[in-house]
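# Fold and geometry: a report
Listed below are the residues making up each chain.
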Amino acid sequence: MIKLDRRNFIKGAGAGGASCALATMLPGTLAALESAPLKGVGKEVASICEMCSTRCPISARVVNGKNVFITGNKAAKPFGGKVCARGGAGHSLLYDPQRIVSPLKRVGERGEGKWAEISWDEAYQTIAKKLNEIKRDHGAESVAFSSKSGSLSGHLFHLGKAFGSPNHFTHASTCPGGYVVAAKAMFGTKVKRDLGNSKYIINFGHNLYEGINMSETRAMMDAQMEKGTKLVVFEPRFSIVADKADEWFAIKPGTDVSVALALCHVLIEDGLYDKEFIERYVEGFDEFAKEVKAYTPEWAAAISDVPAADIRRIAHEYASHAPHAVVDFGHRATFTTEEFDMRRALFAANVLIGNIERKGGLYLGKKAKTYNKFAGETVAPILGKPGVEGMPKPTAKRIDQVDEQYAMMWSSGGIYQTILDATLEAKPYQLKAWVMSRTNPMQTMTDRARVVETLKKLDLVVCCDVYISETAAYADIILPESTYLERDEEIADKSGKNPAYYVRQRVVETIGQTKPSWQIFKELGEQMGLGQFFPWQSMETLQMLQLNRDTSELRRIKEQGYVSYGKPLMLREPEMVSAFAQTYSNAKPVDEDGTYGSQLKFKTPSGKIELSSKKVEGMAPGRGVIKYREVDLKQDDELYFIQGKVAIHTNGATHNVPMLANLMSDNAIWVHPLTAGKLGISAGDAIRITSSVGSEEGTALVTPGIRQDTVFAYMGFGSKNKELVRATGKGVHCGNLLPHKTAPVCGMNIHTTGVKLAKI
Amino acid sequence: MSKRLIMIHDENKCIGCQACNIACRSENGTPDEVTRLQVRVEGPFGDAPNLHFKYNRVSCQQCEDAPCVKVCPTGAAYVGEDGLVSIKAEKCVGCMYCVAACPYKVRFMNPETKVADKCNFCKETRLAKGELPACVTACPTDALIFGDANDPSSEVVKILNTKPSYQDKTHLGTKPRLYRIPTKRGGSSHEQYLGRYGAI
Ligand code: SF4
Ligand code: SF4
Ligand code: SF4
Ligand code: SF4
């Protein structure tokens, strides 16, 4: 469990004197500056959190010139005016002496940890010269650009495109890409879940109570506590969400797809599915039903260890709450190579009960354009995009564009890990440089040793970050980005059932020489001779452009921080549709049944939900119909190794933030008492965990909250670069234990493998 | 009638996320080495698959009959007009009698001010400005509820009237003002947890 023990209560975990001394020695860090009092820009500023990718609307104020107090923005109802521990600790990052506040250049070997402060001019000149040389000698495509998504990726990828490279990547294939691609294949677009109105929720280890996504976490708790919603959780580990569930099944790792398919089997065989819905909206039902015939609960029980009678009962309970019931399609962690069909099977269980565009089910996001069309008037402004004339069209293909089966991923962030193949094996051609922004593949990709090899082999590595992250430790040049509390950014879309916008605004004046990423990549572009592609002068110009020069609307969004337009709309929910039609006199005419059911179209080739897909069959022969395939995750004498999120940290990003490191700096390895007993391991023992690619030392946490054949660790710990003083060497580095494996169709990086444990 | 400020920690809603801990530190400037508040996720207890965690809020209980006040030789530990157990910094001599006397082990010496310290329901930092305590404001799942138990229309009264609740170590006669709503899974018997604070 989360280790909050005596040590943390009495003494900060390893953040004592020695680490501070090392930090002061590091050039370019905040510690090297005189500590000046914080200057706030306003009394209370509405902005957007960036401690994780949920990006909650926040409200922040400077207290006594030395602290920032951050809460949620109360104007954003779905977020309840709340922040999690990470969000509340944002000021601890802002004022961390180990944060970098000056551009740095490497003066030793890559990864050796020798740095010198340089000016922005020198940084830009060095990078521009090198990148232009590489372009001249090897083509622009030999440079890869990757970034955490958001305003920053927009600006970095704009630079990459202006430069002429097709190779830009988000972290999607190491995190949320699987369900995005599955949704694209079935619905033609992403879908959202309406947990708050759900009466019955089936959850396959989507740990919303540790991997906090504020609006969804709150919605699910509200449903459970105030509406009596039943929650069923299938997860190999007793997580917080398992604890809060009405029923928890310790499913065998990687077998979720069998249970999902068996649920579908029962829904179809027992006639519990919504025939009218299928008739009207679904393509490929017959092929799916034929395939699913063999997937009985008994069959799934033998694979997953979930009793057949329970699967059958749960399917019936679920259907009895239809359409206000949902099978949560999950989030991070690609359990097996069958990720694509696992996510499709989860979506299928929703489609069968016809919960699409119904309360408590799944729905399509209603952005301004769609919403205004339904309303017959401009309820919400449609955001303008700064168009730049004459952007070069790259002639080369993307490096992940080798196999047609991945086509849906190319525009969804790309297959991030192909950067390793392209660099190390020139597959499909040789990469020469990698420019990154706020991404930490050393933690989030698999096979860390291969990431190191890649970074060592490249001619140029540039990292833009707030820390010398484990990846930035291998850069040639580090560009210090301002933290989110010092940045202004574009208006961002936060639409759900109705349109909503919000905006990140600086809360304090910039500390040190850091810059926001829009400025960094514009100035670098200018140095590279690409100035014509960056015509905007400031963030304000960009914001004005977005709002078509509507200054009063811009002011309103800035003042309130979060503005929601209209009222929630789900197309097949009569109450909502009638309220909508009454509000807008020019609204589209409502169908006879009181819904907008006739307007529900999908951006798939057939215009329907494709339960089975000819398009997918064309891309990946044999994969058009959802199917069970056996997977190979571990050897017989090994244990499954799985990972997950903790509420106190964000993946590869927050482990050095002082307040958060102080709460939790280590990840113990969860082992079942019987397994531990057989291996002679006792609670608190130092143990070695070894996989086919790596070996780590950690501490055993002996607990009945895990299957006997499985071990678990929270991800993101065990950093190996000495610059991240509070995080280095603490705990198990998960990426170092996971082999490099990619799932078909969705291109996801696999997160389950086999390991052995031994007492040290 | 005077106020009787109390706090309720709903262990069903609590997810052990520590947002309250961080909010408290941020608002009250608690040094790294110490804390006014932790929510310990203890367990799991029981036999698989019927396991459950205990979400244990560890902070000052705002005892109505406070041992820490009784032992303080200088009157630094005192009960204010608001009924809250607080500390007058200028009177504290650092004898640590109160730290030893607190049966809940939640008082500590603040290493920066060298004065005894603990949760005071954010008396100066928040209540004085008409705001709710920082931990209550932050809690993502609304597991913390704060209010006046003497006001029959308050949310805290409504909750105490409708949900089972317990207080910790009531047998000591300290009359804590921190109420807890036990998890359904763990049953309403909190007895099994008594004495767990000994772990601190
Ligand atoms: S969930 Fe927490 S870290 Fe993530 S955006 Fe919200 S407050 Fe910030
Ligand atoms: S913030 Fe709320 S949910 Fe989180 S640990 Fe504290 S009381 Fe529990
Ligand atoms: S919990 Fe301890 S510190 Fe708080 S009032 Fe009671 S005895 Fe005093
Ligand atoms: S009431 Fe205030 S001082 Fe007490 S734990 Fe909550 S935030 Fe901290």
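The rules behind each value
- Residues numbered from 1 in each chain as written.
- Chains lettered and ligands numbered in written order.
- Predicted model: local features only at pLDDT ≥ 70, side-chain atom pairs only at ≥ 80, totals over all residues.
- Heavy atoms only, no water.
- UniProt positions renumbered as here; feature names shortened; annotations may be inferred.
- Helix = DSSP H or I, 4+ residues; strand = E, 2+ residues; numbered from the N terminus.
- Rg over C-alpha atoms; globule rule 2.2 N^0.38 Å.
- Contact = heavy atoms within 4.5 Å.
- Areas by Shrake-Rupley, 256 points an atom, 1.4 Å probe, with all protein chains shown as cover.
- Lys, Arg positive; Asp, Glu negative; His and termini not counted.
- Charge placed at Lys NZ, Arg CZ, Asp CG, Glu CD.
- Near = heavy atom within 4 Å.
- Nonpolar A, V, L, I, M, F, W, Y, C, P; charged D, E, K, R; others polar.
- Buried area = accessible area lost by both parts, 1.4 Å probe.
- Salt bridge = Lys/Arg side-chain N within 4 Å of Asp/Glu carboxyl O.
- Polar contact = N/O pair within 3.5 Å; in protein donor to acceptor, adjacent residues only side chain to side chain.

- For chain B, an unreviewed UniProt entry supplies the name 4Fe-4S dicluster domain-containing protein and the organism Shewanella psychropiezotolerans.

- Looking at an unreviewed UniProt entry, one finds chain A named Thiosulfate reductase PhsA and attributed to Shewanella psychropiezotolerans.
- Comment text from UniProt for chain A, heading Sequence similarities (unreviewed entry), reads "Belongs to the prokaryotic molybdopterin-containing oxidoreductase family."

### Quick look at the overall build of chain B
- Helices and strands together make up the secondary structure of chain B, namely five helices and nine strands.
- In chain B, the succession of helices and strands from N to C terminus is β-α-β-β-α-β-β-α-β-β-α-β-α-β.
- By the compact-globule yardstick of 16 Å for 200 residues, chain B fits well, its C-alpha radius of gyration being 17 Å.
- Over its C-alpha atoms, taken along the principal directions, chain B stretches across nearly 55 × 40 × 35 Å.

### With respect to the overall build of chain A
- For chain A, the helix and strand inventory stands at 27 helices and 27 strands.
- A compact globule built from 760 residues would reach a C-alpha radius of gyration of about 27 Å, and chain A, at 26 Å, matches this within 12%.
- Viewed in the frame of its principal axes, chain A has a C-alpha envelope of about 70 × 70 × 55 Å.
- At a minimum sequence separation of 6, the contacts of chain A that also span at least 24 residues come to 73%.
- With an accessible surface of roughly 26,000 Å², chain A has 50% of that area assigned to carbon and sulfur atoms.
- Once the 95 positive and 85 negative side-chain charges of chain A are each reduced to a mean point, those two points are 3 Å apart.

### What about the site of ligand 4?
All names here are of chain B.
- Every one of the 13 residues lining ligand 4 counts as a neighbour, but Cys 24, Arg 57, Cys 119, Cys 122 and Cys 135 are closest to it.
- Elements with a minimum of two residues in the shell around ligand 4: α1 (19–28) and α4 (134–138).
- Of the residues that constitute the shell around ligand 4, the class distribution is nine nonpolar, two polar and two charged.

### Quick notes on the interface of chain A and chain B
- Taken residue by residue, the interface counts 51 residues in chain A and 44 residues in chain B.
- Between chain A and chain B the total buried area reaches about 3,800 Å² when both faces are included, carbon and sulfur atoms providing 60% of it.
- For the pair chain A and chain B, the number of links is five salt bridges.
- The partner of A:Arg61 in a salt bridge is B:Glu27, with the nearest N and O atoms 3.2 Å apart.
- Our count for the chain A to chain B interface comes out at 18 residue pairs in polar contact (both at pLDDT 80 or more).
- Listing elements by their share of the side of chain A that touches chain B, those giving two or more residues are α1 (6–10), β2 (57–63), β3 (67–72), α3 (85–88), α8 (214–226), α9 (240–244), β11 (247–249) and α26 (658–663) of chain A.
- A total of six residues in the side of chain A that touches chain B trace back to one element, the largest contributor, which is α8(A).

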